[in-house]
Amino acid sequence: MDLTLPLDNAAIERILPHRFPFLLVDRIIELEVDKRIVGIKNITQNERYLSTNTNGLAVMPPTILTEAIAQVGAILVLAKPENRQRIPFFAGIERVRYRRPVHPGDVVVIEANVVRLRSRMGLLKGVARVNGVSVIDGTMTFALGDLPAKPGA
């Protein structure tokens, strides 16, 4: 699998099983296997999951931001050749802090750094920023499972 940066939507879809409207990563701009990754999510008015805050402004729900960080982290984990036939699962999130709202027009820069990585478990520290200001950060634990066998295989 070619991991020439930046990874566009087609390259991301070859790594992750997620598809529209649940694919929450538009581009990967930095990747250091087993260390860190940086991805981009452009927020548009057409996002299905936007909610409206008390001021009537459209905002990206914090849970969706959390999933976006998890997807960027999953790309980092699945970039290793030995993990390509596995699927990452959320095993836990800790110390997640939602710091400010994200609105249509914002470009969210998502960074995930490896804290600990073992053969079937790992811990990532993630942060998402808009204009260099943190909008969410936290630690996520994941487990790697085997992909289900394809019917007839």
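Predicted model only: the values in this text are computed from it and were never measured.

This next bit is on the overall build of the protein chain. Looking only at helices and strands, the protein chain has two helices and eight strands in total. Counting helices and strands in the order they occur from the N terminus, the protein chain gives α-β-β-β-β-α-β-β-β-β. Rg of the C-alpha trace for the protein chain: 15 Å, near the compact-globule value of 15 Å for 153 residues, within the 12% margin. Dimensions of the protein chain, computed from C-alpha atoms along their principal axes, come out at roughly 50 × 30 × 30 Å. Expressed as a percentage of its 153 residues, the buried residues of the protein chain come to 45%. Pairs at least 24 residues apart make up 60% of the contacts formed inside the protein chain by residues separated by at least 6 positions. Roughly 8400 Å² of accessible area belongs to the protein chain as shown, and the carbon and sulfur atoms make up 53% of that amount.

Within the secondary structure, Thr66 is located in helix H2 (residues 62-78). Residue class for Thr66 comes out buried when judged on its relative accessible area of 5%. Ignoring anything within four residues of it in the chain, the contact list for Thr66 reads Phe90, Ile93, Val96, Tyr98, Ile136 and Met140.

A word on the side chain of Gln71. Inspection of the secondary structure assignment puts Gln71 in helix H2. Assessed through its relative accessible area of 1%, Gln71 is described here as buried. Of the polar contacts made by the side chain of Gln71, one reaches the backbone nitrogen of Leu24; its length is 2.7 Å.

That bond from Leu5 to Pro6 is cis: its omega, -5 degrees, falls within 30 degrees of zero. For the bond running from Phe20 to Pro21, omega is 5 degrees, close enough to zero to count as cis. One can find Pro21 in the loop between helix H1 (9-15) and strand E1 (27-32). If you check the backbone angles, Asp34 has positive phi at about 70 degrees while not being a glycine.

On to H2. The end-to-end C-alpha separation of H2 is 24 Å, in line with the 24 Å expected for 17 residues at 1.5 Å each. Along H2, 14 of the 17 residues are buried, which leaves the element largely enclosed by surrounding structure.

A separate point is the layout of surface pockets. Roughly 240 Å³ of internal volume is contained in the largest pocket. Considering the residues around the largest pocket, the lining is formed by 17 residues, among which Ala70, Ala74, Pro88, Phe89 and Phe90 are closest to the centre. Those elements giving two or more residues to the lining of the largest pocket turn out to be H2, strand E5 (86-98) and strand E8 (133-146). It is H2 that provides the largest number of residues to the lining of the largest pocket, a total of six residues. In this structure, the second largest pocket occupies an estimated 200 Å³ of space.

The rules we used
- Residues numbered from 1 in each chain as written.
- Predicted model: local features only at pLDDT ≥ 70, side-chain atom pairs only at ≥ 80, totals over all residues.
- Heavy atoms only, no water.
- Helix = DSSP H or I, 4+ residues; strand = E, 2+ residues; numbered from the N terminus.
- Rg over C-alpha atoms; globule rule 2.2 N^0.38 Å.
- Buried < 20%, exposed > 50% of the residue type's maximum accessible area, 1.4 Å probe, protein only.
- Contact = heavy atoms within 4.5 Å.
- Areas by Shrake-Rupley, 256 points an atom, 1.4 Å probe, with all protein chains shown as cover.
- Polar contact = N/O pair within 3.5 Å; in protein donor to acceptor, adjacent residues only side chain to side chain.
- Expected span 1.5 Å × (residues − 1).
- 1 Å grid on protein atoms, 1.4 Å probe; cavity = no way out; pocket = protein on both sides within 12 Å on 5 of 7 lines; lining within 4 Å.
- Points joined across faces, edges and corners; volume = space filled by probe spheres on them.

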